Amino acid sequence: MNIGSNGVLSNGVLSNACREGQFRCNSGQCVLSTDRCNGLQNCLDQSDEMNCDCKGFQCDSGLCLWGSRYRCNEIVDCKDLSDEINCHQKPRHRRCRNGIQVKLSQWCDGQDNCFDNSDEENCHCIHNREIHCENHNPPICIPKTWECDGFPDCPNGTDEMYCESAACRAGEFRCHTGTDCVSYSSLCDGVSDCNDNSDEENCVKLMDHPSDSSNTSHVWVTYENKGMFICCTKWSGNLSNDLCSLLGYSNTGAQMTCDVSNSKKTDNYLRLKRWTSSIDDVTPKSLLDNFKIDNSCTPHGTLKLLCPGKVCGKRPYFDDRVQLEPFLIGANIAKTGEWPWMASLRRLGEMSCSAALLNQQWLITAGHCISKNLKLPFHVDVTLGSTKQGMIIPVNGIRRRAIKVITHPLLKDDDVHTLHYDIGLIKMEKPIPYTPTIQPICLPPSPTVWRRILSHRNSTCHLAGWGAITQGSHMAVRKLRTLKMHIWGDAICSKINDIQSLNINMNSTFCAGYRSILKSGCKGDSGSPLSCQDRDGRWYLIGIMSAGNRDCRPTRGTQTLVNFFTRVDSVMQWIQKTIGEEWT
């Protein structure tokens, strides 16, 4: 069997041996034997420069840096930090907990310059930009914009205490965020009157009947403040699966029954106008395109459903309580099991991007992370189940090699200023077992869920990744970092697109980040999922990190760090067609 120049057998499997005159890297990549210990890192995993007769500084990992200039130069070159540990004390510097030194001016600046967050402990909060978590020792500061946003960021939840709440008059509905009140007649009329769209939520739901031995529930539709049941006429099993999926349940295995009792339940009912094969949305206005209002459901009765639960978007190992460690850029170190769908993506042993687990066979990432491996998918592997990334498989982690990588057919990544449909899918060589620290994330089941999350001014959305944590740095970190993000409106995103002279397709892209504090994704965070929690308590994949400010530096003259994400809802049909219908 022939071995190619890159160490790949003719059957597409990485070889255990290379050609004569070649050196096999730890990842399986083959390089010339003369590349071994020549002072240049030719293996993507750097193993050709490991354990050499080093004429310079040797990292604790065995990597040779070939020169004394790398030692104690305030630039971290060893991934284990050993080139900057135990250096002589420098003036106007302070030593971190792990032994490296940073400038006093970098202490308490909101960024993790120490690589262990110790420079951001016991800091005074920045006036008008941060608030102090009350009654917490050691002191913790969080951005002022996180106060009263509906999500507890302080370990004791004090940032969500004493928030104003306004009472509405009789006949009025109070929007879930803010102090706005709208008339009950405006509920579920197809027009969003609340800034957070909460007047258009839960307009279609399952009504619980604890005394019902069948465990099925009537489907209840509210439109213009009127309640209606759905008739069984022309209804099918496929429609049951569609409706369950759109309501946030699994998209397979729905059970339907028809209640043919003659008792009058309401004045209005919804009856299908014609046979239809699918339902694409569950807003009352869109349902009425397929239904007509009737005064009864005879002879077939009213629809009742039993929807199977989803297996995605849950964090069984993590207790869902935020436990901050004092200060991606400006991010926190993630806890074990906090983001169980996170995967570290490597190419020939080199950490390159992140990905998110969709089911036991498929992961999703940025298209530009895998576009060079469409014909060599076996060069890609992922590690799941751990917050640490590296060559060694961590405790509780598993590693799988890819057998197929696919990018969106409209992907454009040929230019640094071009960004169109930057998304891709990775199929694993064998199924990934679910564990308490390995779980799939949910895809948005309908445009309704997408609009609800994106329209909330204070949506609880988090970015996680192993990217650089300081401006200008090119070194990925070993421990997963996580950061809460604010989603921006299309107008702001388009403006930044124009300012930076970018060619970004706003139909498939949205922005998130901060306009006044330096918290952002960075180099190495491409492919990271933006996970948002919906009202059902599950976490949904809303976007995939695609690009941001160059070198993670703010836009000139501002404190703005923009993050561009591929909209998952814009590629849902392609995802479902690629990985099959059973994606929940």
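Quick caveat, the model's predicted, so the values are computed rather than measured. (Residues numbered from 1 in each chain as written. Predicted model: local features only at pLDDT ≥ 70, side-chain atom pairs only at ≥ 80, totals over all residues. Heavy atoms only, no water.)

A few points about the confidence of the model for the protein chain
Any segment with low pLDDT has predicted coordinates that should not be analysed in fine detail. This prediction gives the protein chain a mean pLDDT of 77; 74% of its residues lie at or above 70. Within the model, the stretch residues 319-330 combines pLDDT values under 50 with 54 contacts to residues more than four positions away or in other chains. A low-confidence stretch, residues 554-558 stays under pLDDT 50, and its non-local contacts, those more than four residues away or across chains, total 10 contacts. (pLDDT = per-residue confidence, 0-100. Contact = heavy atoms within 4.5 Å.)

Some thoughts on the pattern of salt bridges
Summed over all chains, the structure comprises seven salt bridges. The salt bridge partner of arginine 97 is aspartate 116, with a shortest N-O separation of 4.0 Å. With a gap of 19 residues between them, arginine 97 in the loop between strand E3 (93-95) and strand E4 (101-103) and aspartate 116 in the loop between E4 and strand E5 (130-132) connect regions that are remote in the sequence. A salt bridge links arginine 567 to aspartate 569, with the nearest nitrogen and oxygen atoms 3.1 Å apart. For aspartate 569, a relative accessible area of 27% corresponds to the partly exposed category. (Salt bridge = Lys/Arg side-chain N within 4 Å of Asp/Glu carboxyl O. Helix = DSSP H or I, 4+ residues; strand = E, 2+ residues; numbered from the N terminus. Buried < 20%, exposed > 50% of the residue type's maximum accessible area, 1.4 Å probe, protein only.)

What about the sheet that holds strand E20 (residues 380-384)?
Strand pairing in a sheet relies on backbone hydrogen bonds, with the paired strands running either antiparallel or parallel. On the basis of which strands lie adjacent, the closed barrel formed by six strands has the order E17-E18-E19-E23-E21-E20 and antiparallel pairing. Each neighbouring strand pair of the sheet contributes to a mean axis angle of 40°, computed without reference to strand direction. Pairing analysis gives two bridges linking strand E18 (residues 350-357) to strand E19 (residues 362-365), with the strands arranged antiparallel. Across the sheet, leucine 357 pairs through a bridge with leucine 363, a residue of E19. Where helix H6 (residues 572-579) meets the sheet, it contacts E19, strand E21 (398-407) and strand E23 (424-428), and its direction lies at approximately 20° from that of E23. (Pairing = 2+ DSSP bridges. Axes fitted to C-alpha atoms, helices over the stretch in contact; angles between N-to-C directions.)

Overview of the state of the cysteines
A full pass over the atoms with the stated rule returns 13 disulfides. The disulfide that involves cysteine 312 links it to cysteine 442, with 2.0 Å between the sulfurs. Classification of the bridge connecting cysteine 312 and cysteine 442 rests on its S-S torsion, roughly 100°, and on that basis the disulfide is right-handed. Exposure class is identical for cysteine 312 and cysteine 442. Each is buried. (Disulfide = S-S within 2.5 Å.)

Description of the pairing of E20
Buried residues dominate E20, accounting for five of its five residues. Judged by which residues are buried, E20 turns out to be covered on both faces: Val380, Val382 and Leu384 on one side and Asp381 and Thr383 on the other are all buried. As paired strands, E20 and E21 are joined by four bridges and run antiparallel to one another. Along E21, the bridge assignment pairs leucine 384 with isoleucine 398.

Here's the deal with the pairing of strand E17 (residues 342-347)
With five of six residues buried, E17 lies mostly within the body of the structure. Where E17 meets E18, six bridges bridge the pair, whose relative direction is antiparallel. Looking at E18, one finds that alanine 343 is bridged to alanine 355. Between E17 and E18, which pair antiparallel one after the other, the connecting turn spans two residues, and leucine 348 there sits at a positive phi close to 50°. One ladder, built from five bridges, connects E17 with E20; its direction is antiparallel. Looking across to E20, one finds that leucine 345 is bridged to valine 382.

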